[in-house]
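These are the residues of each chain, in order.
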Amino acid sequence: MTADLAIDVRGLVKRFGDKTAVDGVDIQMPRGAVWGFLGPNGSGKTTTIRMICGLLKPTEGEGSCLGYDIAREAGRIKKQTGYMTQRFSFWSDMTIRENLEFVARLYQLDPVGRIVDATLESLGLTQRQRQLAGALSGGWKQRLALAAVTMHNPKLLLLDEPTAGVDPQARRDFWDEIHRLSTEGMTVLVSTHYMDEAERCDRIVYLANGKKVVEGRVPAIIERSNLVTFKGEGEGVRQLAGRLKGKPGVEHVAYFGSALHVSGTDRDKIEQSVLAARSDDVEWREVRASLEDAFIALMAGAGADTRVHA
Amino acid sequence: MTGARASLSRIWAVFMKELVQMRRDRLTFGMMFGIPIVQLILFGFAINTDPRNLPTAVHLEEQTPIVRTILSGLEVSGYYDIVMETPDPRETADLLARGEVAFVVSIPAGFTERLIRGDRPQILIEADASDPAAASNAIARAEAIISSALRLDLRGPLENLAARRQPFEVVVHAKYNPEGITQYNIVPGLLGVILTMTLVMITGMAMTREVERGTMENLLAMPARPLEVMAGKIAPYVLIGGIQTVVILTAARFLFDVPFVGALWMLLLGVAVFVLANLALGFTFSTIAQSQMQAMQLTFFFFLPSLLLSGFMFPFRGMPGWAQAIGETLPLTHFLRIVRGVMLKGADFTQLLTSLLAMSTFTLVVIGIVMARYRRTLD
């Protein structure tokens, strides 16, 4: 248990009945970092976050969060942690101001009025503070939630898919705010499905089926995947996907916008397969594999337990 | 025709969907079948508007064969159940106020002698008439019961007495509500019924609402202890209970002219404990129910027996022993004794202590359950 680790958990297991949601996850996250938590739906991201902040008791495993034991000192952890739930969980029948005041009182912030005023000001919601929180648009709800969970200056911020269903501009603003908080010394663990968001993190942890599949910096993860990727663009690309799937060396085929990415780890075989499928209206070139390619490969491999450790 | 068929198939689709959802909601499903059966059996056997075997104390100033005949006649009638004999006439008022007995039958010294002389001596029956329905049949039949019992004894030289009009006189003192005004009994009782109804339901829904709207996770993630959340959630409703009490008591006084002979502080103490009992129960319901709808159903599940087995609607003493035992566990039963005791009988504190203790026990047990059940975590 090192003092400079914000999160230090080992062998976390959570079972619900006979279903194992999290299966032996280790995380050692230093203070002040911004980490991304990735993985398909149902991979155990939310459950892991809930165990870290003391909302769920781990079935097995142990660890500390901000130096406090996650099983026994949940109360202390809660005081210094801000947790933003996946679903908007503030009170929609209370106004923006009333929500913030409630949170401020629960954390015993003083003076409530002035702190809430300042929060509203920085949110740009001073004019709308008397509106019901339920009447806000998706993007504003997220901003309100972020402001509410950071009002008590937590040392650790846990964000569970904070930008799901939010428009691109709002997402960008949201991430600017996360980086600003990080420069103030906050440790941030954020789960997401967006690759561009993952690339803004110092380090990412990828979960699948409750297990940690990979952890590391984005370029390292791409490199470690040893993928060779060919990108095909042009009119006839739509017809090609089906033909390329299952060809020798082709481990996965996926669209990125209008382009087709064909990836595999065996350069010779994949090159031959792509050559064989060549046509006049499609232009092929080799590209650097993207994080998403790496993840698609990881996901495809996760079932067969090809765990890669950082 | 195809339009009608299409419409039918859509109705069928919705019908099937409702059935599936109904089956998923176990609690509701159980209540739809379990509750009617339980209630039918419970209330069908328990409710009796012609209560018998009412506990009776006797105060006898003489012991003669005639007196024994009268007493056995009362017993045999099925209405009076003689549970004790009290030598001290001053104790009779206390027994009634405490609710230990429903009647006190007093037979004065020299009764037999005066009966034989043809003086028409008096038998005194003091009755707890705070619930007019409970006592009325037993009182109405008292004279007939006694005279038919005496008919066997009044033979030979005494036959002429039997032939005359009643050789004795039954004097009834209907205490606490001499005119048998129903409101005197119902209005104070309604205080308890209204408090039960509103408080259990509101608190039952208060916590469930957080779960239903997903705000529970947020509340749990913030630093508030279970007891703190519970206290904070219950406090506003204590206030509401207080306001309801003031409104009902004011109406009882000025609208229904219900007498208030006891001490107000005693009633308020009873109200306080009763309100807490109901709020704690409502809170427990909210930890069991998955939705506000279920919380509502649980409230009704509790409310109906409270109404029917507490002595509010039907005489408590008219119920069989097992039903009285269930009734004894309900806070409303004890609250009714307190509110009627204070308002109508002017009962003193020691007379109410048992009821207060019973309600407090209920509250503590329920709080214990709720503390064990309340989820500190989302598990």
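Residues numbered from 1 in each chain as written. Chains lettered and ligands numbered in written order. Predicted model: local features only at pLDDT ≥ 70, side-chain atom pairs only at ≥ 80, totals over all residues.

### What to know about the overall build of chain A
Thought 1: When helices and strands are tallied, chain A shows eleven helices and 14 strands.
Thought 2: Principal axes of the C-alpha set define a box for chain A whose edges measure 70 × 45 × 35 Å.
Thought 3: Burial statistics for chain A: of 310 residues in total, 43% are counted as buried.
Thought 4: Expressed as a percentage of contacts within chain A between residues at least 6 apart in sequence, the contacts between residues at least 24 apart total 71%. (Helix = DSSP H or I, 4+ residues; strand = E, 2+ residues; numbered from the N terminus. Buried ≥ 20, exposed ≤ 12 C-beta atoms within 10 Å, placed from the backbone. Contact = placed C-beta atoms within 7 Å.)

### Considering the domain arrangement of chain B
Where the parts come together, the accessible area they lose is often given as the size of the interface.
Residues and elements named next belong to chain B.
Thought 1: Taken as a whole, chain B is organised into domain 1 (54-175) and domain 2 (182-373).
Thought 2: Each of domain 1 and domain 2 has a C-alpha centre, and the two are 39 Å apart.
Thought 3: Listed by partner, the interface residues are ten residues for domain 1 and twelve residues for domain 2.
Thought 4: Residue assignment for the side of domain 1 that touches domain 2 shows that the elements contributing at least two residues are α4 (91-98) and α6 (132-150).
Thought 5: Among the elements that line the side of domain 1 that touches domain 2, the one with the most residues is α6, at three residues.
Thought 6: Tallied by class, the residues present in the side of domain 1 that touches domain 2 amount to six nonpolar, two polar and two charged. (Domains from an automatic or database assignment. Nonpolar A, V, L, I, M, F, W, Y, C, P; charged D, E, K, R; others polar.)

### Some points on the interface of chain B and chain A
Thought 1: Each partner contributes to the interface: chain B provides twelve residues, whereas chain A provides 17 residues.
Thought 2: Classifying every residue of the side of chain B that touches chain A by side-chain character gives six nonpolar, four polar and two charged.

### With respect to the packing of helix α8 (residues 182-213) of chain B against helix α10 (residues 226-254) of chain B
Residue and element names in this part refer to chain B.
Thought 1: Taken N-terminus to C-terminus, the directions of α8 and α10 make an angle of 160°; their axes are 10 Å apart at the nearest point. Here α10 runs roughly antiparallel to α8, going by the angle between their axes. With respect to the hand of their crossing, α8 and α10 are arranged in right-handed fashion. Every residue of α10 that contacts α8 at Val187, Pro188, Leu190, Leu191, Ile194, Leu195, Thr198, Leu199, Ile202, Thr203, Ala206 and Met207 is listed here: Lys233, Ile234, Tyr237, Gly241, Gln244, Thr245, Ile248 and Ala252.
Thought 2: Here the contact of α8 with α10 is composed, by residue class, of 14 nonpolar, five polar and one charged. (Axes fitted to C-alpha atoms, helices over the stretch in contact; angles between N-to-C directions. Parallel < 35°, antiparallel > 145°, perpendicular 65-115°, else oblique. Left-handed = near helix turned anticlockwise from the far one by under 90°.)

### Brief notes about the pairing of strand β1 (residues 5-16) of chain A
All names here are of chain A.
Thought 1: Sheet analysis places β1 next to strand β2 (residues 19-30), joined by nine bridges and oriented antiparallel. Paired with leucine 12 across the bridge in β2 is valine 25.
Thought 2: Following β1, the chain reverses through two residues before pairing antiparallel with β2; glycine 17 in that reversal takes a positive phi of roughly 65°.
Thought 3: Pairing of β1 with strand β4 (residues 60-65) involves five bridges; the strand directions are antiparallel. Bridging from a neighbouring strand, valine 13 pairs with glutamate 60 of β4. (Pairing = 2+ DSSP bridges.)

### What to know about the domain arrangement of chain A
Thought 1: The domain boundaries assigned to chain A delineate domain 1 (5-80 + 154-220) and domain 2 (228-288).
Thought 2: Spacing between the C-alpha centres of domain 1 of chain A and domain 2 of chain A amounts to 35 Å.

### Section: the sheet that holds strand β9 (residues 203-208) of chain A
Residues and elements named next belong to chain A.
Thought 1: Here six strands make up an open sheet; going across it, the order is β6-β7-β8-β3-β9-β10 and the pairing mixed. Of all strands in the sheet, those bounded by a partner on one side alone are β6 (81-84) and β10 (211-216). Averaged over all neighbouring strand pairs, the angle between strand axes comes to 15°, with direction disregarded.
Thought 2: Here β9 pairs with β10 via five bridges, running antiparallel. Its bridge partner lying in β10, leucine 207 is registered against lysine 212.
Thought 3: The sheet strands contacting helix α5 (residues 138-150) are β6 and β7 (156-160), and the helix crosses β6 at an angle near 160°.
Thought 4: The strands that helix α6 (residues 168-183) touches are β3 (34-38), β7 and β8 (187-191); relative to β8, the one it contacts most, it runs at about 150°.

### Considering the sheet that holds strand β13 (residues 259-264) of chain A
All names here are of chain A.
Thought 1: Read from one edge of the open sheet, four strands run β12-β13-β11-β14, paired in antiparallel fashion. If you trace the sheet from one side to the other, it starts and ends with β12 (252-256) and β14 (282-287), each paired once. With direction set aside, neighbouring strand axes in the sheet form an average angle of 25°.
Thought 2: Looking at chain direction, strand β11 (residues 228-234) and β13 are connected through five bridges and run antiparallel. Considered in β13, the bridge of phenylalanine 230 is made with valine 262.

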